[in-house]
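The lines below spell out each chain.
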Amino acid sequence: MVSRELSAQIGTISVAFLVLLVAAYFDVGVGTGPAAVAVALLFNGLVFGGAHLYLALRGDDGMIPVEARWRYVAMLGGLLGGGVLVYGGDRTIAAVTLNTIGIAVMALAVSSYLVTETIASYRDTRAE
């Protein structure tokens, strides 16, 4: 019997590869342009967070609590958003490049995720 989590992973990875196939068919995600970056971010978002998002929306907490799934999806959103800013390259906001802002957003997303997961894990051990 296939678990619900494995089914969700297989489904979202299938959708991610379907996105790649459609992008290749329409010649959208080829090269280094904005469309290619969007396809790459969508593909990675689906592969790494699609199943977590689906299971969190359903409220299923098989091996991972729903709150932890939401924290992971939020962190992944920060990483993908930072990836969009990193792609901005040499554009600046008040003498700071978007590349620098994107890296800061990504570092903030990962560090805040690590801190909140550490606090949640500590609270889980203290409840026993």
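Numbering of residues starts from 1 in each chain and follows the order in which that chain's sequence is written. Per-residue local features are limited, in this predicted model, to residues with pLDDT of at least 70; the limit for side-chain atom pairs, both in listing and counting, is 80 or more; totals at the level of whole chains, interfaces and linings are taken over all residues. With hydrogens and water stripped out, all remaining heavy atoms of the structure feed into the side-chain values.

**Thoughts on the pattern of salt bridges**
A side-chain nitrogen of Lys or Arg and a carboxyl oxygen of Asp or Glu constitute a salt bridge if their distance falls within 4 Å. The full count for this structure, using the stated rule, is 2 salt bridges. Glutamate 5 is the salt-bridge partner of arginine 69, the closest N and O atoms lying 3.0 Å from each other. Separated by 64 residues along the polypeptide, arginine 69 in helix α3 (residues 66-87) and glutamate 5 in helix α1 (residues 4-25) bring together distant segments of the chain. Working definition: with a 1.4 Å probe on protein chains only, accessible area under 20% of the residue-type maximum means buried, over 50% means exposed, and in between means partly exposed. With relative accessibility at 2%, the residue arginine 69 sits in the buried group. Strands are runs of DSSP state E lasting at least 2 residues, helices are runs of H or I lasting at least 4, and numbering of each runs from the N terminus.

**A word on the packing of helix α2 (residues 34-58) against α3**
For any two helices packed against each other, the geometry is given by the interaxial angle and the distance between the axes. Convention adopted: a line fitted to C-alpha atoms gives each axis, helices being fitted over their contacting stretch, and angles between N-to-C directions are expressed from 0 to 180 degrees. Remark: α2 packs on α3, axes separated minimally by 9 Å, with the N-to-C direction vectors making an angle of 175 degrees. With respect to their mutual orientation, α2 and α3 come out roughly antiparallel. The segment α2 lies against α3, with Pro34, Val37, Leu41, Gly45, Phe48, Gly49, His52, Leu53, Leu55, Ala56 and Leu57 engaging Val66, Arg69, Trp70, Tyr72, Val73, Leu76, Leu80, Val84 and Tyr87. Broken down by class, the residue content of the contact of α2 with α3 amounts to 16 nonpolar, 3 polar and 1 charged. Orientation categories follow fixed angle ranges, with anything under 35 degrees roughly parallel, anything over 145 roughly antiparallel, 65 to 115 roughly perpendicular, and all other angles oblique. In what follows, a contact means two residues having at least one pair of non-hydrogen atoms within 4.5 Å. In the scheme used here, Gly and all other residues not listed as nonpolar or charged are polar, with Ala, Val, Leu, Ile, Met, Phe, Trp, Tyr, Cys and Pro taken as nonpolar and Asp, Glu, Lys and Arg as charged.

**With respect to the environment of methionine 75**
With respect to the helices and strands, methionine 75 occurs in helix α3. Setting aside residues no more than four positions away along its own chain, methionine 75 makes contact with Ala109, Val110 and Tyr113.

**Structural notes on the environment of leucine 79**
In this fold, leucine 79 is placed in helix α3. Given a relative accessible area of 24%, leucine 79 falls into the partly exposed group. Counting along the chain gives 58 residues from leucine 79 to leucine 21, while the straight-line C-alpha distance between them is 24 Å. When near neighbours in sequence (up to four residues on either side) are disregarded, leucine 79 contacts Met106, Ala109 and Val110.

By themselves, these are just geometric observations and shouldn't be taken as functional.
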